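Architecture and fold: a report
Below, each chain spelled out in residue letters.
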Amino acid sequence: RGAKKIILLDEGTTTEYNTLTRQWQYIFGLREDSTYLPVTRVKAPVNFVWAGHFNDSPVITDILYDHAKEVSRDPARELLIIVGHGPEDVSDNGPDLKILQPHVERIKAKREFADVRIINIQDDALKPVRESNVRTLRRWIGDATKGGQRVIVVAISAASYGVQTHIKQDLRGLQYTFAEKGLA
């Protein structure tokens with residue numbers, strides 16, 4: 001109806017290292033290869049523009065920090081763990097975490113929390129990959145708790161459901177505080 005440009009907002013993935021992102025870009029003609037199945041592509045007399053991802057935006061860092069502080073009691077004795085959904089493909093995880101690492105560095109620079117870490121559980125990855133990430137996350141929480149630290153888990157996720165529900169299931173039986181809010 002006269003539109004010349006349509007801005008496509010990301011569905012909540014954190015970086016470009018994501019199979020779902022690549023599939024949506026294929027559907028809107030922004031890349032030539034599909035990630036999953038070659039499906040019918042959207043054709044319209046408009047210019048589609050991909051707005052991008054959360055990436056390492058300082059705004060996202062501020063939101064993660066605010067959510068952590070809302071449940072924090074004594075940051076100097078707390079480990080803050082940022083947990084991402086993460087990409088499906090193993091080869092995408094390293095580059096994805098590298099893009100997200102500035103969130104950790106910015107929060108660490110405030111010198112409030114005892115430590116800040118980030119991990120992707122790779123929720124849609126093959127079972128052994130996901131399980132390995134969950135074991136690492138559980139080990140971090142267990143070690144911190146044994147060392148007398150309180151643990152805060154914040155999900156880098158658009159919504160307050162979905163992957164957050166999976167994270168809570170993965171961490172059953174451990175002592176930690178979950179910041180319930182999503183980024184949106």
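Tracing the sequence through the fold places threonine 177 in strand E6 (residues 177-179). Of note is the side chain of threonine 177, whose polar atom sits 2.8 Å from the side chain of arginine 150. Residues in contact with threonine 177, not counting those within four places in the same chain, are Val71, Arg150, Val151, Ile152 and Val153.

On to the nonpolar core. By size, the foremost hydrophobic cluster in this structure holds 18 residues, and its most contacted members are Leu64, Leu80, Ile82, Ile107 and Phe113. Elements with a minimum of two residues in this core: helix H2 (58-71), strand E3 (78-84), helix H3 (90-109), strand E4 (115-120) and strand E5 (150-156). The element best represented in this core is H2, accounting for four residues. For isoleucine 82, the residues in contact, after removing those within four places along its chain, are Leu64, His103, Val104, Ile107, Val116, Arg117, Ile118, Ile119, Val154 and Ile156. Judged by nonpolar contacts, the second largest core, of 17 residues, contains Val83, Ile121, Ala155 and Val163.

A few words on helix H4 (residues 127-146). Over its 20 residues, H4 runs 28 Å from end to end, which matches the ideal 28 Å to within 8%, given 1.5 Å per residue. Every buried residue of H4 is accounted for by Arg130, Asn133, Val134, Thr136, Leu137, Trp140, Ile141, Gly142 and Ala144. The inward-facing, buried residues of H4 abut E3, E4, E5 and helix H5 (163-170).

Rules used throughout
- Note that residues are indexed from 1 along each chain, following the sequence as it is written.
- Since the coordinates come from a predicted model, pLDDT governs what is reported: local features require at least 70, and pairs of side-chain atoms require 80 or more to be given and counted, while whole-chain, interface and lining totals use all residues.
- The basis for every side-chain value is the complete set of heavy atoms in the structure, and neither hydrogens nor water enter the calculation.
- Counting from the N terminus, the helices are DSSP H or I runs at least four residues long and the strands are E runs at least two residues long.
- Definition of a polar contact: a pair of N or O atoms within 3.5 Å, with one able to donate and the other able to accept a hydrogen when the atoms are protein atoms, and with sequence-neighbouring residues admitted only if both atoms are side-chain atoms.
- We call two residues in contact when some of their heavy atoms are within 4.5 Å.
- Residues belong to one nonpolar core when they are buried, are Ala, Val, Leu, Ile, Met, Phe, Trp, Tyr or Cys, and are joined through side-chain atoms within 4.5 Å.
- Only protein chains enter the accessibility calculation, which uses a 1.4 Å probe; a residue is then buried when its area is under 20% of its type maximum, exposed when over 50%, and partly exposed in between.
- By definition here, a helix of n residues has an expected span of 1.5 Å times n minus one.

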